[in-house]
Amino acid sequence: MFRNQYDTDVTTWSPAGRLFQVEYAMEAVKQGSAAIGLRSKTHVVLACVNKANSELSSHQRKIFKVDDHIGVAIAGLTADGRVLSRYMRSECINYGYTYESPLPVGRLVVQLADKAQVCTQRSWKRPYGVGLLVAGLDESGAHLYYNCPSGNYFEYQAFAIGSRSQAAKTYLERKFENFTGSSRDELIKDALFAIRETLQGEKLTSTVCTVAVVGVGEAFNILDQATVQALINEFEISGEEGPTNEGVAEEAVGEAGGAAATQEGGAAPEQETAPMDI
Amino acid sequence: MVSSQSESGLLSSEGDSQRTQYPYVTGTSVIGIKYKDGILMAADMGGSYGSTIRYKSVERLKQVGKHSLLGASGEISDFQEILRYLDELILHDNMWDDGNSLGPKEVHNYLTRIMYNRRNKFDPLWNSLVLGGVKNGQKYLGSVSMIGVHFEDSHVATGFGNHLARPILREEWREDLSFEEGVKLLEKCMRNLLYRDRSAVNKLQIAKITEDGLTISQPYSLKTFWNFGAFQNPTVGAEGSW
């Protein structure tokens, strides 16, 4: 009866100046399990939550190495994410072949964004249903970018995407001012804390998360499970009751619940905001 | 371009395409050295049409982007085509306007790819190139041949320079050469080439590139002395020659 008349293809504008198909694609990013990223002057850390599709299946990979100096974490349609990572890999390889030097991260991100933008302007295409956190190191230092299905991209100090990412964002917003000077290990620690925020009380173990690092003197690499578990134990962040400075974390968990609830409650407040912002 | 629509197959497929089978106007040696603050390069300004020295003011040292200097010997028009490729490359690099820029290493590798690609089409760019530059305090000096052979070294030369200049450089080159010493050394090499390479002319340019930028000298001549005994009577002691 009152079906939306303006969302049947990507190239149709609504009278309010919105492209519903593009917004739906960005909704897909929010449905995927969370991925976070944060950076210092010298390092970038990516982390994500591994969620299996069913009791009987294993989880899907959400962090991909693109090149020695670039990696991505994805949230949304994993299949789209894999296609885009393959594109990024081949761009890096081609650049390396032509110039014998690593592709600047910012340029790869622009190429990726332009690729996504094309899908928002062709009637026979659909937007990618995936958000990518791109971590990389180049001549101008460490970078963290977020690419979204609308073809927009943003550079961040720290960011979180995916389901219940608001909780992690709250954590990161509280602490990001210290990240610039952080060591590699401190970044990983904050990454694990931020990931725990998205778990909503579920126990943080190395089986439910993946962590990856890139930095000065360290090629992009995904930490193995034993290493991650050792770090979780070392920082004592596994449990729901935070041990050390956990007044903060507890609070955040509470907030996370609140945020998730509002999200569940309906997209009503979101509808008001400018749709293209992330 | 090669057309594949030949009637009688393999033998005549070559018929309707033309490639550079030999060079027309050529420049002779280029020499490049590293010195204390950057790179120095020297080349004369002769352009030979076969064995006739047809042109006397050919500039064979050119700037590429912010950090690189290119010197070429071989086919002059092919060199001009290479410069067009590089202008386009640098233009597109600048259009990103993101603070990144191609350094000498990147340009050197790019040239290698172009040269090797063209030789694979059996249509080589008939040049030997020397590429030098400084970026982020790193000095870089390398060379590419017409078939894509490439290497880096502290001093490089093309053509006759490989035989006449590099032995001198191997004896006398040092990493901490001052600008004046470097120019003196290059002039010594160029004078030797002038005496012994029939395509060389006594009008040359020297270029300098450092962290602060690039300068190419005005053309000038070297002092020569032709009254050596061996020059005046080259056949003395050469039994059996005319």
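Residues numbered from 1 in each chain as written. Chains lettered and ligands numbered in written order. Predicted model: local features only at pLDDT ≥ 70, side-chain atom pairs only at ≥ 80, totals over all residues. Heavy atoms only, no water.

1. Brief notes about the overall build of chain B
Each helix and strand counted, chain B has six helices and 13 strands in total. Its C-alpha atoms put chain B at 65 × 55 × 30 Å along the principal axes. Contacts in chain B between residues at least 24 apart in sequence constitute 62% of all its contacts with a sequence separation of at least 6. Surface summary for chain B: the accessible area is close to 13,200 Å², and the carbon and sulfur share equals 51%. Charged side chains of chain B number 27 positive and 29 negative; the gap between the two group centres comes to 4 Å. (Helix = DSSP H or I, 4+ residues; strand = E, 2+ residues; numbered from the N terminus. Contact = heavy atoms within 4.5 Å. Areas by Shrake-Rupley, 256 points an atom, 1.4 Å probe, with all protein chains shown as cover. Lys, Arg positive; Asp, Glu negative; His and termini not counted. Charge placed at Lys NZ, Arg CZ, Asp CG, Glu CD.)

2. What about empty space enclosed by the protein?
Counting across every chain of the model gives two cavities of 30 Å³ or more. If you add up the space inside the largest cavity, you get close to 60 Å³. Looking at the largest cavity, the residues that line it are B:Thr28, B:Ser29, B:Asp44, B:Met190, B:Leu193, B:Leu194, B:Ala200, B:Val201, B:Asn202, B:Leu204 and B:Leu222. Here the lining of the largest cavity takes three residues from helix H5 (residues 179–196) of chain B, the largest share from any one element. A per-class count over the lining of the largest cavity returns seven nonpolar, three polar and one charged. Roughly 50 Å³ of volume is contained in the second largest cavity. As for the second largest cavity, its lining consists of A:Leu84, A:Leu112, A:Ala113, A:Ala116, A:Tyr128, A:Val130, A:Leu132, A:Asn147, A:Cys148 and A:Pro149. Broken down by secondary-structure element, the contributors of at least two residues to the lining of the second largest cavity are helix H3 (105–118) and strand E5 (130–138) of chain A. At three residues, H3(A) tops the list of elements feeding residues into the lining of the second largest cavity. Residue classes in the lining of the second largest cavity are distributed as nine nonpolar, one polar and no charged. (1 Å grid on protein atoms, 1.4 Å probe; cavity = no way out; pocket = protein on both sides within 12 Å on 5 of 7 lines; lining within 4 Å. Points joined across faces, edges and corners; volume = space filled by probe spheres on them. Nonpolar A, V, L, I, M, F, W, Y, C, P; charged D, E, K, R; others polar.)

3. Side note on the pattern of salt bridges
Oppositely charged side chains can form a pair if their charged atoms are brought close together. Residues and elements named next belong to chain A. Scanning the model with the defined rule gives 21 salt bridges over all chains in all. The residue Arg184 makes a salt bridge to Glu218 at a minimum N-O spacing of 2.7 Å. With Arg184 in helix H5 (residues 184–199) and Glu218 in strand E10 (residues 218–222), the pair connects residues that are 34 residues apart, well separated along the chain. Judged by its relative accessible area of 25%, Arg184 falls in the partly exposed class. (Salt bridge = Lys/Arg side-chain N within 4 Å of Asp/Glu carboxyl O. Buried < 20%, exposed > 50% of the residue type's maximum accessible area, 1.4 Å probe, protein only.)

4. Brief notes about the confidence of the model for chain B
Low-pLDDT portions of the prediction should not be read for the details of their coordinates. Residues and elements named next belong to chain B. In this model, chain B carries a mean pLDDT of 93, and residues with pLDDT of at least 70 account for 93%. When the criterion is pLDDT under 50, residues 1–8 qualifies, and its contacts beyond four places in sequence or with other chains add up to eight contacts. Overall fold confidence (pTM) sits at 0.86, and the ipTM for the predicted complex is 0.88. (pLDDT = per-residue confidence, 0-100.)

5. A look at the nonpolar core
Formed by 42 residues in total, the largest nonpolar core has its most connected members in A:Met88, A:Leu132, A:Val134, B:Leu70, B:Leu86 and B:Leu111. Apart from residues lying up to four places away in sequence, B:Leu86 is in contact with B:Val64, B:Leu70, B:Val107, B:Tyr110 and B:Leu111. By size, the runner-up hydrophobic cluster in this structure holds 31 residues, among which are A:Ala158, A:Ala168, A:Val228 and A:Phe235. (Core = buried A, V, L, I, M, F, W, Y, C linked by side-chain atoms within 4.5 Å.)

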